[in-house]
Amino acid sequence: MMAFALPDDRREMKLVRYANDRINRHMNAEDTWLITRVQAGMASKSFTVGPIGRSEVCPRSFAAKIRAAIPEARLHHAPPPGWSKRPRTVRE
């Protein structure tokens, strides 16, 4: 039983919960497969850092804000160890 669900022992609710659980398991398996493939692709030698597609307006805006706020996010390689422990000034 799901911890956040209200108690309800009706047959209909049991069927709905069963169907929901099956859908969630299926979606989780698909997500795991996809994430595994994406991570493998990003770890390959053929992966290069590049712009997000022009149609991805919100992710492009967010990425630009991150690059503006965190200079290390503009690097094409990993920053040196300990870079995140340095004191920073907050810009508004």
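Look above for the structure.
Computed from a prediction, not measured in an experiment: that's the story for all the values here. (Residues numbered from 1 in each chain as written. Predicted model: local features only at pLDDT ≥ 70, side-chain atom pairs only at ≥ 80, totals over all residues. Heavy atoms only, no water.)

### Here's the deal with the overall build of the protein chain
Turning to step 1, where the next piece is worked out: Scanning the protein chain from N- to C-terminus turns up two helices and zero strands.
Turning to step 2, where the next piece is worked out: Expressed as a percentage of its 92 residues, the buried residues of the protein chain come to 5%.
Turning to step 3, where the next piece is worked out: Counting every atom, the protein chain has about 8800 Å² of accessible surface; 62% of that belongs to carbon and sulfur. (Helix = DSSP H or I, 4+ residues; strand = E, 2+ residues; numbered from the N terminus. Buried < 20%, exposed > 50% of the residue type's maximum accessible area, 1.4 Å probe, protein only. Areas by Shrake-Rupley, 256 points an atom, 1.4 Å probe, with all protein chains shown as cover.)

### What about a nonpolar patch on the surface?
Turning to step 1, where the next piece is worked out: Side chains of Trp33, Leu34, Val38, Met42, Phe47 and Val49 sit close together on the surface and give an oily, nonpolar patch of about 590 Å² of accessible area.
Turning to step 2, where the next piece is worked out: Looking at where Met42 falls in the secondary structure, it is placed in helix α1 (residues 11-43). (Patch = residues over 30% accessible without salt bridge, like charges linked within 9 Å, V, L, I, M, F, W, Y side chains within 5 Å. Salt bridge = Lys/Arg side-chain N within 4 Å of Asp/Glu carboxyl O.)

### With respect to the pattern of salt bridges
Turning to step 1, where the next piece is worked out: Summed over all chains, the structure comprises two salt bridges.
Turning to step 2, where the next piece is worked out: The salt bridge partner of Asp8 is Arg10, with a shortest N-O separation of 2.7 Å.
Turning to step 3, where the next piece is worked out: Asp21 is the partner of Arg25 in a salt bridge, and the nearest nitrogen-oxygen pair spans 3.4 Å. A residue pair is termed a helical-turn pair when its members lie 3 or 4 positions apart in one helix, as Arg25 and Asp21 do in helix α1 at four residues.
Turning to step 4, where the next piece is worked out: Looking at Asp21, the relative accessible area reads 38%, which means it is partly exposed.

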